[in-house]
Amino acid sequence: VQLQASGGGLVQAGGSLRLSCAASGRTFSNYKMAWFRQAPGKEREFVAVISGSGGNTYYRGSVKGRFTISRDNAKNTVYLQMNSLKPEDTAVYYCAADDGPWAPLGNIRTNMYFYWGQGTLVTVSS
């Protein structure tokens, strides 16, 4: 699976961005898709995950209610709608995919994902 993330940019605090991640190479609906982020000097952290069918989602606490993950299996694309952005959301955002089982605790670990996109930078100014 090849993943291509896009949609990052510079936005003021309180603004919105929508990230996209286009996938190719395999049956997209077989893969749970996730977004992770990595701020300068920090470890990569989980943001959100969605199951292959789109019926299950899970978010890190600090983005719950502000971010929404969704997918369009007909377009082989997963999205991350980010609203009410804060400066602490500044990071490189990565999409990831894996065909492993849905596992609420495992879904948040970077080593549970085999495929990764190249990242897209989101900068939120105060």
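Residues numbered from 1 in each chain as written. Predicted model: local features only at pLDDT ≥ 70, side-chain atom pairs only at ≥ 80, totals over all residues. Heavy atoms only, no water.

For the rest of this paragraph, the subject is the state of the cysteines. Tallying each qualifying case throughout the model produces one disulfide. Between the sulfur atoms of cysteine 21 and its disulfide partner cysteine 95 the distance amounts to 2.1 Å. The sign of the 60° torsion about the S-S bond sets the cysteine 21-cysteine 95 disulfide as right-handed. Of this pair, cysteine 21 sits in strand S3 (residues 17–24) while cysteine 95 sits in strand S9 (residues 91–98), and the two are 74 residues apart along the sequence. (Disulfide = S-S within 2.5 Å. Helix = DSSP H or I, 4+ residues; strand = E, 2+ residues; numbered from the N terminus.)

With that settled, the discussion passes to the environment of threonine 77. Position of threonine 77 relative to the elements: it lies in strand S8 (residues 77–82). Overall, threonine 77 belongs to the buried group, its relative accessible area being 10%. Distance from threonine 77 to serine 20, taken between C-alpha atoms, is 6.7 Å for residues 57 residues apart in sequence. Apart from the residues lying within four places of it in its own chain, the contact partners of threonine 77 are Ser20, Cys21, Ala22, Phe28, Ser70, Arg71 and Asp72. (Buried < 20%, exposed > 50% of the residue type's maximum accessible area, 1.4 Å probe, protein only. Contact = heavy atoms within 4.5 Å.)

Taken as a whole and judged by the stated rule, the model has seven aromatic pairs. Ring centres of phenylalanine 36 and tryptophan 116 lie 5.0 Å apart, and the angle between their planes is 55°; this geometry places the pair in the tilted category. A residue pair is termed long-range when its members are at least 10 positions apart, and phenylalanine 36 in strand S4 (residues 32–38) and tryptophan 116 in strand S10 (residues 115–116) qualify at 80 residues. Classification of phenylalanine 36 as buried rests on a relative accessible area of 0%. Counting every residue linked through ring pairs, the aromatic cluster contains Phe36, Phe46, Tyr58, Tyr113 and Trp116. The positively charged end of lysine 32 is found above the aromatic ring belonging to tyrosine 113, 5.5 Å away from the centroid. The ring of phenylalanine 28 carries arginine 71 above its face, with NZ or CZ at 4.3 Å from the centroid. (Phe/Tyr/Trp six-rings, centres within 6.5 Å; stacked < 30°, edge-to-face > 60°. Lys NZ or Arg CZ within 6 Å of the ring centre and 35° of its normal.)

On the surface, Tyr58, Trp102 and Ile108 cluster together into a nonpolar patch covering about 250 Å² of accessible area. Within the secondary structure layout, tyrosine 58 lies in strand S6 (residues 57–59). (Patch = residues over 30% accessible without salt bridge, like charges linked within 9 Å, V, L, I, M, F, W, Y side chains within 5 Å. Areas by Shrake-Rupley, 256 points an atom, 1.4 Å probe, with all protein chains shown as cover. Salt bridge = Lys/Arg side-chain N within 4 Å of Asp/Glu carboxyl O.)

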